[in-house]
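Residues per chain, in single letters:
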There are 4 protein chains.
Amino acid sequence: MSHNTFGHLFRVTTFGESHGVALGCVVDGCPPGLPLTVAEIQAELDRRKPGQSRFTTQRREPDAVKILSGVFGDDRTEGRQLTTGTPIALVIENTDQRSKDYSEIRDSYRPGHADFTYEAKYGIRDYRGGGRSSARETAARVAAGAIARKVIPGITIRAALVQMGPHAIDRARWDWEEVARNPFFCPDPEAAKLYETYLDGIRRDGSSIGAVIEVVAEGVPPGLGAPLYGKLDADLAAAMMSINAVKGVEIGDGFASAALRGEDNADEMRAGNDGPAFLANHAGGILGGLSTGQPIVCRFAVKPTSSILTPRRTVTREGRDAEIVTKGRHDPCVGIRAVPVAEAMMACVLADHYLRHRGQVG
Amino acid sequence: MSHNTFGHLFRVTTFGESHGVALGCVVDGCPPGLPLTVAEIQAELDRRKPGQSRFTTQRREPDAVKILSGVFGDDRTEGRQLTTGTPIALVIENTDQRSKDYSEIRDSYRPGHADFTYEAKYGIRDYRGGGRSSARETAARVAAGAIARKVIPGITIRAALVQMGPHAIDRARWDWEEVARNPFFCPDPEAAKLYETYLDGIRRDGSSIGAVIEVVAEGVPPGLGAPLYGKLDADLAAAMMSINAVKGVEIGDGFASAALRGEDNADEMRAGNDGPAFLANHAGGILGGLSTGQPIVCRFAVKPTSSILTPRRTVTREGRDAEIVTKGRHDPCVGIRAVPVAEAMMACVLADHYLRHRGQVG
Amino acid sequence: MSHNTFGHLFRVTTFGESHGVALGCVVDGCPPGLPLTVAEIQAELDRRKPGQSRFTTQRREPDAVKILSGVFGDDRTEGRQLTTGTPIALVIENTDQRSKDYSEIRDSYRPGHADFTYEAKYGIRDYRGGGRSSARETAARVAAGAIARKVIPGITIRAALVQMGPHAIDRARWDWEEVARNPFFCPDPEAAKLYETYLDGIRRDGSSIGAVIEVVAEGVPPGLGAPLYGKLDADLAAAMMSINAVKGVEIGDGFASAALRGEDNADEMRAGNDGPAFLANHAGGILGGLSTGQPIVCRFAVKPTSSILTPRRTVTREGRDAEIVTKGRHDPCVGIRAVPVAEAMMACVLADHYLRHRGQVG
Amino acid sequence: MSHNTFGHLFRVTTFGESHGVALGCVVDGCPPGLPLTVAEIQAELDRRKPGQSRFTTQRREPDAVKILSGVFGDDRTEGRQLTTGTPIALVIENTDQRSKDYSEIRDSYRPGHADFTYEAKYGIRDYRGGGRSSARETAARVAAGAIARKVIPGITIRAALVQMGPHAIDRARWDWEEVARNPFFCPDPEAAKLYETYLDGIRRDGSSIGAVIEVVAEGVPPGLGAPLYGKLDADLAAAMMSINAVKGVEIGDGFASAALRGEDNADEMRAGNDGPAFLANHAGGILGGLSTGQPIVCRFAVKPTSSILTPRRTVTREGRDAEIVTKGRHDPCVGIRAVPVAEAMMACVLADHYLRHRGQVG
């Protein structure tokens, strides 16, 4: 029915519903001997955590993670907990399961949500907060991503919001330091200011808006990827498209490359100290499904949050026409919190391929 | 190292290099009892076959497919060959392995191609015609797709070229009948005329150009997909991104949805005879990774062919600066022949999920 | 490194170490709509639980299981918790992590245990109680097996201990009812009496002894299995061999069939009401890797517990000769508690193939 | 439905029926840069080839293998063909598809064969020579095994027939050199003489007989295996059980270990030059699912060929009682030709785990 495992060598299996007892994941295939602390995982989770500004959902969840297995330390490890090569189970309890009236989403399908499709597939659904289809599951991805980062030394993964609604950032002003300074993970301080006003307006309207996220990995050695059906770009496309509300993914020039001529698109090379030095990166760091050694550049589009206050036409489970308003505490721009999730997915994909690459294996 | 199998229940394993002995695939997991003839597979291959117009490579390959296993017929089947549920092996011999001088691409890396990355990964590469990284492999996908189509009765899959270079079609003129009438698989007859002139110019310049392909599946029942890591859109994104030269994939409104407000994006519903009737299809037929029952709409961008006549700066295997011109018989717009490949990949993904859905299984 | 997932459509991922925080599993691919309670899982766990007689380890663990996800109930389900088709996470906390001196097994390799091999593979090991290699992990299997049983209605799975040390039961006295009446899961009451005296002697000697377990599944429809590399018997062989201390597996007549002539081995058939009626079951219910509809009969041999009080020659991590005595609370015949584990593994394998069969899928 | 791929990192997908056009396999995940010739694969196939003595089927098949992909050579490789890391497709055409009357096995189920179960599963079967369930498929395994051997340098894999019917060899006379000197792959020259007379008698009676095969791998480094569900012994059990007619598998002392006491079973160690030196090998070289560095010893039982001349009771497809005699060219002891197949399966399993081990990956 469902398929909740991601990755081939570095395998992440997630579980949990929005308003269930707990959510979490099992990370299998992590190499032994890596130092790993709860604090490191928690730090990543805290970046994604709801309720940190007025621009994300006001649900209050500490998202406190526990490690149940797969690490061990004693005096030989100088008290540090190291991974042991066995599966690492992580659990995050749901604490803010606010008792509320779910009768409306219980009986009607929210437009743009997975209510109808889950019902069509399973015949039953945990409708509380969207159940399994809730973006809350991405907390487990972020936790797994924190482990994945430890697997890929020397690789830096950073993501940023580069467009909100119709407003793209000015790439000339790109400053990675800015990303941590505003509630939008935006690398352009001017755009961040604009987004503040813009999103306040959206929020006041009870509406929501889409966004574009860019995630970049630097320090990736050439040759990562597993052609032909484990290509690095194909795995990234699946990874990003699997994030809630994502409707498009591109690598490098992406859709813009359709308008390019051959001589403008194919990145030329000159001899470098350390292999070929590319003179451009239209390819976004991937050729033939394999990394070139250049930065890997991936972008994806997030649709506007479907939970809005405007009344919408829909049908009930019984097949009658209805109107629905999705009250509750929602992100007016769900793309914002997708930024740390994007980094986590990039980290998981790269960890998987890094292990292949390191081992020269299948 | 490599990973050449696609799909979970309907599994396709492809093999073969551009100028090797043969290429082909093994299709495993195909249900028994389906009538299957060589002619049906050949018909699909003929649509992708090179050398059918001056707008595709002049390499002459009959691409004649043979079925080695997995079908059986006798008088009880009235002489028809039926699938038996065992693996179906298909082989296409390479006949036009024109003996030529490969010394240039043997020693230098063609910009935009996988030459450098394959060398980085494997330390050895079959450089003849691109070896395994050649788009010639997509013949095996098209053959597998012909089988996949038999698995999904009632589902119609059609693809079309909707943009060449900067020139998008006019959607108001969309006519599926037109697709078979021009050498571009273009549904807009006016655009097709324009493309003819335009691509002649590109070809005369020794250049190449990108394109956008749209593939649509109609008749898909609601509930297909396997959340959270086998979402229908994630699998489609991987499938399309795995096609040679693809740099971006989108579902429904795709990147345009980033600019939409919630009330404009989420497709409303009214009671229909047969489940909810959607009033729009911004979602491209997929919500929460599951099909809605609406047409599934997927688009992808293909970069311009990297093999062009303009001299390009590059480096040699030994790390010296060089210039390279890729002579030979190349597609000026590799996006054209991606159209039947897109249909095949859509068919394979849907066959995989259709089998899950039919069996209500994992 | 490690691979902790079992099954293809009904997938069980286990985690946890003997003396870690918790152990458990994630069951993915379980069909929706099945009633599932903690009590049902707990009942199976209680059969495997340590400390229930003087013949099993005196470690005291309540083995209380919690369901973290994948079930849901409301008034529409009449208050029952039903599976939702999403992953079911189960957790069992370790409570009896008796603080003890592990210095001996920390520094020396216990003969017959995985101490040396885990160290060779991972370079680090959680030596407390055997860590991940401990039979304690089988609690997670039993929990998963309780869910698997719900997936296969009409199939009865029962296991029994049929040999302890050199003492085989008398099959003429086989009575399934007896299995629950003695602490050995023995179907022969006379043998059970003998085992009591015999195992007391073994225990007093500080020694241990091997055993043979037989597991039988009745009500299995014909045609379950996925040739050629997902044969039912091959999957069962892997499942049983993966249980701690198992050294051999056989189906039907097993090794005895080597001495048979063709006419004595191949089970003849006569027309039955409901398909062929077999006149014997030398095949143990499996032909060509597929179930015949007869009872599936599988036996496996369990070696004696390697933790014994007799001093044994070994080496230390530093490579010096040493002697070791494994104190602690050990099962004198680890085969006994393998009985419910065998049932669980049979249930998981059959659930996997039942789903394939039901869906006629790959 | 079916599942025709074996292995995780070193993946073998086989295809083909006994009397179809061809059979073969695709080997994916083979490392690049290994010299590989048709002659090397052919040499292994020739050991398994039918018709080499009066003790195996008289079907005449050259079993000539072709390599379709995945190897490449030029002057840089000094003319040698090297693996390229891409999938290696191997094909063996069926030439001796003797046109014969199959009406009997078409309409009746041969006892002991997969006729009934394939029909139950698929509803259709290629009955000619057993179709996909024929032992002819093992030719593809042997071909894949020849490649697997190249992946595991320093590991020697040898198998032998150690029991025919009730007659076990005398292990004191074990001489690996003898295996190539008699038509039984028997390491005991005296037993081989006995088998000659014995099997002539069986053959004259139109009967058949079972056998036990032992396969031994030497030079395996410690730490191979992937606990808990990719244990080396579990994978070997599945591999051997997947061979036609196998009914039991054991590792090391196997079933005999059930009768052992702890102090007799667990292999003691002393300090060696190169890690622990084991003082015995009851474990058959595997502890906790991981290799110890000692020889890996695996045995399996093969039932007697089900195709015999004695009339047997059965039923027809239409459900009527019938008698059947299986004429044709059959192996009186199918265990004989299982010897090279056992080596191939051991090689494939070890190649898979060797790659994991080498890469310290998942």
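Residues numbered from 1 in each chain as written. Chains lettered and ligands numbered in written order. Predicted model: local features only at pLDDT ≥ 70, side-chain atom pairs only at ≥ 80, totals over all residues. Heavy atoms only, no water.

1. A look at the overall build of chain A
Rule in force here: Numbering of helices and strands runs from the N terminus, with a helix taken as a DSSP run of H or I at least four residues long and a strand as a DSSP run of E at least two residues long. Radius of gyration here uses only the C-alpha atoms, and the compact-globule reference equals 2.2 Å multiplied by the residue count raised to the power 0.38. Each residue gets one of three labels from its accessible area relative to the maximum for its type: buried under 20%, exposed over 50%, partly exposed in between, using a 1.4 Å probe on protein chains only. When checking whether two residues touch, look at their non-hydrogen atoms; a contact exists if any pair is within 4.5 Å. Using a 1.4 Å probe, the Shrake-Rupley method yields the accessible areas, and only the shown protein chains count as cover for residues. Here the positive residues are Lys and Arg and the negative ones are Asp and Glu; neither His nor the chain ends is included. Lysine's charge is taken at NZ, arginine's at CZ, aspartate's at CG and glutamate's at CD.
The helix and strand inventory of chain A stands at 8 helices and 18 strands. In terms of overall size, chain A behaves like a compact globule, its C-alpha atoms giving a radius of gyration of 21 Å where 362 residues would be expected to give roughly 21 Å. For chain A, the C-alpha atoms occupy an extent of roughly 65 × 55 × 40 Å along the three principal directions. Counting over 362 residues, chain A shows a buried share of 69%. Of the contacts made within chain A by residues no fewer than 6 positions apart, 70% connect residues no fewer than 24 positions apart. Counting only carbon and sulfur atoms, one obtains 49% of the accessible surface of chain A, whose full area is about 10,900 Å². For chain A, the distance from the average site of its 44 positive side-chain charges to the average site of its 45 negative ones is 5 Å.

2. Overview of helix 3 (residues 115–122) of chain C
Helix 3 of chain C sits mainly inside the fold: 7 of its 8 residues count as buried. Where helix 3 of chain C is concerned, the buried positions are Asp115, Phe116, Thr117, Tyr118, Glu119, Lys121 and Tyr122 of chain C. Lining the buried residues of helix 3 of chain C we find strand 13 (275–278), strand 14 (286–287) and strand 15 (290–291) of chain D. Remark: Gly123 of chain C follows helix 3 of chain C within two positions and exhibits a positive phi of approximately 75°.

3. Some points on the interface of chain B and chain C
The following threshold applies: Accessible-area loss on putting two parts together, using a 1.4 Å probe and summing over both, is the definition of buried area adopted here. One speaks of a salt bridge when a side-chain nitrogen belonging to Lys or Arg is within 4 Å of a carboxyl oxygen belonging to Asp or Glu.
Across the contact, 10 residues belong to chain B and 10 residues belong to chain C. Buried area between chain B and chain C, both sides added, is near 840 Å², and the carbon and sulfur share of it is 54%. Of all residues in chain B, the largest losses of buried area upon contact with chain C belong to Leu9, Val361 and Gly362 of chain B, amounting jointly to 41% of the total for that side. Inspection of the region where chain B meets chain C yields 0 salt bridges.

4. Details of the packing of helix 1 (residues 38–48) of chain A against helix 8 (residues 338–359) of chain A
All names here are of chain A. This is how the line gets drawn: Helix axes are fitted to C-alpha atoms over the stretch in contact, other axes to C-alpha atoms as well, and angles between N-to-C directions run from 0 to 180 degrees. Here the word oblique covers every angle except those under 35 degrees (roughly parallel), over 145 (roughly antiparallel) and from 65 to 115 (roughly perpendicular). By the convention adopted, Pro, Cys, Tyr, Trp, Phe, Met, Ile, Leu, Val and Ala count as nonpolar, Lys, Arg, Asp and Glu as charged, and the other residues, Gly among them, as polar.
At a minimum axis distance of 7 Å, the contact between helix 1 and helix 8 shows a crossing angle of 140°. Comparing the axis directions of helix 1 and helix 8 gives the class oblique. Residues Glu44, Arg47 and Arg48 of helix 1 touch helix 8, and the partners they reach there are Pro340, Val341 and Glu343. Here the residues of the contact of helix 1 with helix 8 sort into 2 nonpolar, no polar and 4 charged.

5. Observations regarding the relation of the copies chain B and chain C
How we decide: Copy-to-copy superposition: least squares on the C-alpha atoms, limited to residues that have pLDDT of at least 70 in both copies.
The operation relating chain B to chain C is a screw motion whose rotation component is 180°, with 0.0 Å of axial translation and a residual RMSD of 0.0 Å. The operation mapping one copy onto its partner corresponds to a two-fold rotation axis. For chain B, the residue whose C-alpha comes nearest the rotation axis is Gly359 of chain B, separated from it by 1.6 Å. Taken as a fraction of all interface residues of chain B, those also at the interface in chain C reach 100%, which identifies the copy contact as same-surface.

6. Regarding the sheet that holds strand 16 (residues 296–302) of chain A
Within a sheet, adjacent strands bond to each other through the backbone by hydrogen bonds, running parallel or antiparallel. The condition is simple: We call two strands paired when DSSP finds no fewer than two bridges between them.
The sheet built from 10 strands is open, its strands ordered 9(A)-8(A)-10(A)-16(A)-11(A)-11(B)-16(B)-10(B)-8(B)-9(B) with antiparallel pairing. Two strands close off the open sheet at either side, each with one partner strand: strand 9 (167–168) of chain A together with strand 9 (167–168) of chain B. Pairing between strand 11 (residues 246–251) of chain B and strand 16 (residues 296–302) of chain B: 5 bridges, direction antiparallel. Bridge pairing in strand 16 of chain B places Val249 of chain B opposite Phe300 of chain B. The sheet strands contacting helix 6 (residues 232–241) of chain B are strand 11 (246–251) of chain A together with strand 10 (211–218), strand 11 and strand 16 of chain B, and the helix crosses strand 11 of chain B at an angle near 155°.

7. Remarks on the interface of chain C and chain D
Note the threshold: By the criterion applied in these results, polar contacts are pairs of N or O atoms within 3.5 Å in which, for protein atoms, one can donate a hydrogen and the other can accept it, and in which residues neighboring in sequence qualify only through two side-chain atoms.
Tallying the contact residues gives 106 residues for chain C and 106 residues for chain D. Contact between chain C and chain D buries roughly 8,500 Å² in total, counting both sides, with carbon and sulfur atoms accounting for 59%. The largest contributions to the chain C side of the interface with chain D come from Tyr229, Lys247 and Phe255 of chain C, which together make up 10% of the buried area. At the junction of chain C with chain D, the criterion picks out 8 salt bridges. Asp321 of chain D is paired through a salt bridge with Arg270 of chain C; the nearest N and O atoms lie 3.6 Å apart. At the boundary of chain C with chain D, the tally comes to 53 residue pairs in polar contact (both at pLDDT 80 or more).

8. So, the side chain of Lys121 of chain C
Within the fold, Lys121 of chain C resides in helix 3. Despite its burial, Lys121 of chain C pairs with no opposite charge, the nearest such side chain being Asp28 of chain A at 9.8 Å. Discounting chain neighbours no more than four positions away, the residues touching Lys121 of chain C are Met1 of chain C together with Gly223, Gly225, Ala226, Pro227, Leu290 and Gln360 of chain D.

9. Remarks on the UniProt feature "binding site: FMN" (unreviewed entry) in chain A
All names here are of chain A. Rule in force here: UniProt positions are given in the numbering used here, feature names are shortened, and annotations may be inferred rather than shown by experiment.
The UniProt record marks Arg132, Ser133, Ser134, Asn244, Ala245, Gly288, Lys303, Pro304, Thr305, Ser306, Ser307 and Arg329 with the feature "binding site: FMN" (unreviewed entry), using the residue numbering of this structure. The residue Ala245 is located in the loop between helix 6 (232–241) and strand 11 in this model. Sequence-distant contacts of Ala245, defined by excluding residues within four places in its chain, comprise Ala301, Val302, Lys303 and Val334. Turning to its location among the elements, Ser306 is positioned in the loop between strand 16 and strand 17 (312–315).

10. Digging into the UniProt feature "binding site: NADP(+)" (unreviewed entry) in chain A
Residue and element names in this part refer to chain A. Here the UniProt feature "binding site: NADP(+)" (unreviewed entry) sits at Arg48 and Arg54. Positionally, Arg48 belongs in helix 1. If we skip the residues at most four places from it in the chain, Arg48 touches Asp63, Ala135, Arg136, Thr138, Ala139, Val142, Arg337, Pro340 and Val341. Position of Arg54 relative to the elements: it lies in the loop between helix 1 and strand 4 (65–67). With sequence-adjacent residues up to four places away left out, Arg54 is seen in contact with Glu196, Asp200 and Arg203. Engagement of the side chain of Arg54 in a polar contact is seen with the side chain of Asp200, the distance being 2.7 Å.

11. Focus: the environment of Pro111 of chain C
You can see Pro111 of chain C is positioned in the loop between helix 2 (103–107) and helix 3. For Pro111 of chain C, a relative accessible area of 3% gives the class buried. Taking C-alpha positions, Pro111 of chain C is 22 Å from Phe55 of chain C, a pair spaced 56 residues apart along the chain. In contact with Pro111 of chain C, other than residues within four places in its own chain, are Ser306, Arg312, Arg313, Thr314 and Ile324 of chain C together with Ala266, Asp267, Glu268 and Met269 of chain D.

12. Some details on the pairing of strand 17 of chain A
All names here are of chain A. Pairing analysis gives 4 bridges linking strand 17 to strand 18 (residues 321–324), with the strands arranged antiparallel. Residue pairing in the sheet places Arg313 in a bridge with Glu323 of strand 18. Between strand 17 and strand 18, which follow one another and run antiparallel, lie 5 residues, and Gly319 among them has a positive phi close to 90°.

13. Quick look at the packing of aromatic side chains
Residues and elements named next belong to chain A. This is how the line gets drawn: Two rings from Phe, Tyr or Trp (for Trp, the six-membered ring) form a pair when their centres are within 6.5 Å of each other. A pair whose planes differ by under 30 degrees is stacked, one over 60 is edge-to-face, and the rest are tilted.
This structure, assessed with the given rule, holds 38 aromatic pairs over all chains. Aromatic pair Trp174 and Trp176: ring centres 5.1 Å apart, planes at 70°, arrangement edge-to-face. Site record: aromatic cluster; members linked through ring pairs are Phe55, Phe184 and Tyr195.

14. A few points about the side chain of Ser2 of chain C
Mapped onto the secondary structure, Ser2 of chain C falls in the segment before strand 1 (5–6). Given the relative accessible area of 1%, Ser2 of chain C is considered buried. In this structure the side chain of Ser2 of chain C is engaged in a polar contact, spanning 2.7 Å, whose partner is the backbone oxygen of Gly85 of chain A.

15. Some words on the pairing of strand 10 (residues 211–218) of chain D
Residue and element names in this part refer to chain D. The element strand 10 is extensively covered by neighbouring structure, given that 7 of its 8 residues are classed as buried. Pairing of strand 8 (residues 156–164) with strand 10 involves 8 bridges; the strand directions are antiparallel. From the neighbouring strand, Leu161 faces strand 10, where its bridge partner is Ile213. With 7 bridges joining them, strand 10 and strand 16 (residues 296–302) adopt antiparallel strand pairing. Across the sheet, the residue bridging to Val215 is Cys298, located in strand 16.

16. Quick notes on the pattern of salt bridges
Throughout the structure, instances matching the rule amount to 148 salt bridges over all chains. The salt bridge partner of Glu343 of chain B is Arg47 of chain B, with a shortest N-O separation of 2.7 Å. Of this pair, Glu343 of chain B sits in helix 8 (residues 338–359) while Arg47 of chain B sits in helix 1 (residues 38–48), and the two are 296 residues apart along the sequence. The exposure class of Glu343 of chain B is buried, given its relative accessible area of 3%. Between Arg125 of chain C and Glu119 of chain C there is a salt bridge, with its nearest N and O atoms 2.8 Å apart.

17. Thoughts on unusual backbone geometry
In this structure, the amide linkage connecting Pro227 of chain A to the following residue, Leu228 of chain A, adopts the cis form with an omega of 5°. One can find Leu228 of chain A in the loop between strand 10 (211–218) and helix 6. Unusually for a residue other than glycine, Phe185 of chain A sits at a positive phi of about 55°. Along the chain, Phe185 of chain A falls in the loop between strand 9 and helix 5 (189–204). One non-glycine residue, Asp63 of chain D, lies in positive phi territory at about 50°. Looking at where Asp63 of chain D falls in the secondary structure, it is placed in the loop between helix 1 (38–48) and strand 4 (65–67). Asp63 of chain D gets classed as buried once you look at its relative accessible area, which sits at 0%.

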